[in-house]
Amino acid sequence: MYLLIVFLPLLGSSVAGFFGRFLGSEGTALITTTCVSFSSILSLIAFYEVAPGASACYLRIAPWISSEMFDASWGFFFDSPTVVMLIVVTSISSLVHLYSISYMSEDPHSPRFMCYLSIPTFFMPMLVTGDNSLQLFLGWEGVGLASYLLIHFWFTRLQADKAATKAMPVNRVGDFGLAPGISGRFTLFQTVDFSTIFARAGDPRNSWISRNMRLNAITLICILLFIGAAGKSAQIGSHTRSPDAMEGPTPVSASIHAATMVTAGVFMIARCSPLFEYSPTALIVITSAGSLTSFLAATTGILQNDLKRVIAYSTCSQLGYMIFACGISEYSVGVFHLMNHAFFKASLFLSAGSVIHAMSDEQDMRKMGGLASSFPLTYAIMLIGSLSLIGSPFLTGFYSKDVILELAYTKYTISGNFAFWLGSVSVLFTSYYSFRLLFWTFLVPTNSFGRDIVRCHDAPIPMAIPSILLALGSLFVGYLAKDMMIGLGNFWANSPFVLPKNEILAESEFAAPTITKLIPILFSTSGASVAYNVNPVADQFQRAFQPRTFCHRLYCFFNKRWFFDQVLNDFLVRSFLRFGYSVSFEALDKGAIEILGPYGISYTFRRLAERISQLQSGSVYHYAFAMLLGSTPFVTFSRMWDSRYSWVDNRSSFILIVSSFFKEKSFQE
């Protein structure tokens, strides 16, 4: 049963890929959706068996790589964090598959799409169930490949090509940190097996002296692992690819940004918590990066006009909350927020897809408006998702995001207070752009084309059912799971390991001031009220601010995403491209390699042939002179050989030469 959870999506993807043209759109949709749905059901059974009783399950399948001290096997480990992630991945993916049947029904390449859509649902369980670093790395690379294929699905669109091409190098930057981190763990612990590494994580002999500096190996490894997590989970510096991923179909956005790829970094940090706990420096770095990401993405989203990009920046912001929750040693709360976020973020993306699908693929919110009467169900689902996103009381997001902020305050450190205030201000901006999205799309006077208004319709039944189920999850999942996942019980069974000195959950519950607990709610209410009052007169504000230089620059700063893309292009990408052209291409490929390689050899023989051909002049005296030059050394050598007869016996020379051949033959035998 446990192996079927992992391999059923692979079976569906393989059947759709190899036999899609024979099965057709309906056949491939039926097979892939059935496989992922059965995987989701089996995940619920595995959760019932593993999580309540804290009874982990370990399956060792077969040896994989065995070379002296290095040993890696195919093994699957199912504990509480694993089964929680399996429920999130498989349930969200099954609903996205069901949604895609209707959304992609008119696309001629829907069998290929359904094949691609099942790939991350296989690699993500491979990542979360792996019992060693190499198996985790296999799933890690697989979800990166799946994101490239899904973003690049409409490969005839230039923007989709650019977004997919951009996603791969950013993922490689993260891999540049993860791969040395895995190598460092093997160098330090002589194994890639998680259980052995975590058991030895507290060993004090984990430092070395280099260039008169004492370096902490655990800190270095943890920072490298965090670089890998930042590449996958769209943290500051690597967040630029996440909004560009919106060029793929909307189900792709829901799958990647709610359940599969972006959650990989958060889970990897939670899985490696025994290492991070023994590195306070790495925890400070993680807390700072996560809080900065949440603030940056929230401020960027307030002036975006693309419907899906606004939701994508909210994903980056929420990932920042999950990361800095891990940075304050509350990994269980970070995973809990990951689960809650998957439900309301998937509902937001699928609702946005319903609007885009009905509005002739229009994504600009400025060309919408007044759609609440035409999309009552979609509007209600999007309202529920937005309220849960901003942490409205008693909805799913409230039970995890507010707890994260309380824990950051109760940390009583500079990094904790830094994360608390940036996270609280981010709540204000998140509330603003969430309600700005609702106003511009559904409530303000319409600005759409007449043909779109006439033809628009609410989501059909196959698209409405997944959205309704996700909306119910956005309402009740947080309340139903809060006592189990962040209570004082033994649900996690010490799987996200936390040192006793870093355990502050009970203190945040009973010792945090009431005003601290009310700050996020006050900020979310303030953001909603500002959006309600500003957006109806947004054009007047824009015309009033535009003549002012400072306001105009501030608007451009946020609208252009803090100029991150421009800075990266000017200072990194162009430098690498210039280096690649001048050094790698001109100096090496077109220079040394071709001169010393095939081009140089062919050029040398061609020039030699030209020189030799010049000797063929057709004149008899030239040939006679050449014959004279050739015969003179021969005659000279023969006369010198005759002069040696007086003191060298030719027969002894012959015997010596023949005996040497026989000697070599005997040595070979």
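What counts, and at which threshold
- Residues numbered from 1 in each chain as written.
- Predicted model: local features only at pLDDT ≥ 70, side-chain atom pairs only at ≥ 80, totals over all residues.
- Heavy atoms only, no water.
- Helix = DSSP H or I, 4+ residues; strand = E, 2+ residues; numbered from the N terminus.
- Rg over C-alpha atoms; globule rule 2.2 N^0.38 Å.
- Contact = heavy atoms within 4.5 Å.
- Areas by Shrake-Rupley, 256 points an atom, 1.4 Å probe, with all protein chains shown as cover.
- Lys, Arg positive; Asp, Glu negative; His and termini not counted.
- Charge placed at Lys NZ, Arg CZ, Asp CG, Glu CD.
- Pairing = 2+ DSSP bridges.
- Salt bridge = Lys/Arg side-chain N within 4 Å of Asp/Glu carboxyl O.
- Buried < 20%, exposed > 50% of the residue type's maximum accessible area, 1.4 Å probe, protein only.
- Patch = residues over 30% accessible without salt bridge, like charges linked within 9 Å, V, L, I, M, F, W, Y side chains within 5 Å.
- Phe/Tyr/Trp six-rings, centres within 6.5 Å; stacked < 30°, edge-to-face > 60°.
- Core = buried A, V, L, I, M, F, W, Y, C linked by side-chain atoms within 4.5 Å.
- UniProt positions renumbered as here; feature names shortened; annotations may be inferred.
- Domains from an automatic or database assignment.
- Disulfide = S-S within 2.5 Å.
- Polar contact = N/O pair within 3.5 Å; in protein donor to acceptor, adjacent residues only side chain to side chain.

Each helix and strand in the chain was counted, giving 27 helices and four strands. Here the chain has a C-alpha radius of gyration of 33 Å; the compact-globule value for 669 residues is 26 Å, and the former is much larger. Seen through its C-alpha atoms, the chain measures out along the principal axes to roughly 120 × 65 × 60 Å. Residue pairs in contact within the chain that sit at least 24 positions apart in sequence constitute 80% of those at least 6 positions apart. As displayed, the chain offers around 31200 Å² of accessible surface, 67% of which is attributable to carbon and sulfur atoms. Within the chain, one finds 44 positive and 40 negative side-chain charges whose respective centroids are separated by 8 Å.

In this section: the pairing of strand β2 (residues 70-78). Relative to β2, strand β1 (residues 57-67) runs antiparallel, the two sharing nine bridges. Bridged to Arg60 within β2 is Gly75. Adjacent in sequence and paired antiparallel, β1 and β2 are bridged by two residues, among which Glu68 carries a positive phi angle near 55 degrees.

Looking now at the pattern of salt bridges. Here the idea is simple: oppositely charged side chains can pair when their charged atoms come close. Counted according to the given criterion, the structure contains seven salt bridges. A salt bridge links Arg172 to Glu141; its shortest N-O distance comes to 2.8 Å. Pair noted here: Arg172 is in helix α5 (residues 158-189) and Glu141 is in helix α4 (residues 133-151), with a separation of 31 residues, a long-range link. We classify Arg172 as partly exposed; its relative accessible area is 34%. Between Glu247 and Arg157 there is a salt bridge, with the nearest N and O atoms lying 3.2 Å from each other. Separated by 90 residues along the polypeptide, Glu247 in the loop between α8 (241-244) and α9 (250-258) and Arg157 in the loop between α4 and α5 bring together distant segments of the chain.

Our next topic: a nonpolar patch on the surface. Together, Leu377, Ile461, Ile465, Ile468, Leu469, Leu472, Phe476, Tyr479 and Leu480 give the surface a local cluster of nonpolar side chains, amounting to about 860 Å² of exposed area. Sort the elements by how many residues they give to the nonpolar patch and helix α19 (residues 461-486) lands first, with eight residues. Looking at the element boundaries, Ile468 is found in helix α19. Residue class for Ile468 comes out partly exposed when judged on its relative accessible area of 36%.

Counted under the stated rule, the structure contains 22 aromatic pairs. With a centroid separation of 5.2 Å and 70 degrees between ring planes, the pair formed by Phe113 and Phe153 is classed as edge-to-face. Pair noted here: Phe113 is in helix α3 (residues 110-129) and Phe153 is in the loop between α4 and α5, with a separation of 40 residues, a long-range link. For the residue pair Phe113 and Phe153, the accessibility class agrees, reading buried in each case. Note on Phe394 and Phe398: the rings are 6.0 Å apart at their centroids and 55 degrees apart in plane angle, and the pair reads as tilted.

By size, the foremost hydrophobic cluster in this structure holds 166 residues, and its most contacted members are Ile92, Leu275, Phe276, Leu307, Met339 and Met382. Here this core takes 17 residues from helix α14 (residues 331-358), the largest share from any one element.

Despite not being glycine, Ala234 shows a phi value in the positive range, around 55 degrees. Even without glycine at this site, Phe394 takes up a positive phi of about 70 degrees.

With respect to the helices and strands, Ser388 occurs in helix α15 (residues 376-389). Judged by its relative accessible area of 0%, Ser388 falls in the buried class. Leaving out residues up to four positions away in the same chain, Ser388 has contacts with Phe344, Leu395, Thr396, Gly397, Phe398 and Ser474.

Before going further, it helps to examine the UniProt feature "domain: NADH-Ubiquinone oxidoreductase (complex I) chain 5 N-terminal" (unreviewed entry) in the chain. When the UniProt feature table is mapped onto this chain numbering, "domain: NADH-Ubiquinone oxidoreductase (complex I) chain 5 N-terminal" (unreviewed entry) sits at residues 64-114. Taken end to end, residues 64-114 comprises 57% helix and 25% strand; its first and last C-alpha atoms sit 30 Å apart.

Another point: the domain arrangement of the chain. The extent of an interface is frequently quoted as the accessible surface area lost upon association of the parts. Segmentation of the chain into domains returns domain 1 (1-546) and domain 2 (610-643). Placing the centre of domain 1 and that of domain 2 at their C-alpha centroids yields a distance of 83 Å.

Our focus in this paragraph is the environment of Ser110. On the secondary structure map, Ser110 appears in helix α3. Given a relative accessible area of 5%, Ser110 falls into the buried group. Between the alpha carbons of Ser110 and Gln363 there is a distance of 21 Å; along the sequence they are 253 residues apart. For Ser110, the contacting residues outside a window of four places in its chain are Ser25 and Met104.

Two cysteines form a disulfide when their sulfur atoms are joined by a covalent bond. Tallied over the full model, the rule gives zero disulfides. Not part of a disulfide, Cys272 finds its nearest cysteine sulfur in Cys222, a span of 7.8 Å. Cys316 carries a free sulfur, and the closest cysteine sulfur to it, the one in Cys326, is 16 Å from it.

Looking at the element boundaries, Ser317 is found in helix α13 (residues 307-327). For Ser317, the side chain forms a polar contact with the main-chain oxygen of Ser294, separated by 3.1 Å. With sequence-adjacent residues up to four places away left out, Ser317 is seen in contact with Thr293, Ser294, Ala297, Ala298, Thr430 and Tyr433.

Moving on, we come to the environment of Phe276. Structurally, Phe276 is set in helix α11 (residues 273-276). Owing to a relative accessible area of 0%, Phe276 belongs among the buried residues under this scheme. Note: C-alpha distance between Phe276 and Ile221 (55 residues apart in sequence) is 9.1 Å. Residues in contact with Phe276, not counting those within four places in the same chain, are Cys222, Leu225, Ile269, Ala282, Leu283, Ile286 and Tyr331.

In this section: the environment of Arg451. Mapped onto the fold, Arg451 is located in helix α18 (residues 450-455). Sequence separation between Arg451 and Phe186 is 265 residues; the distance between their C-alpha atoms is 62 Å.

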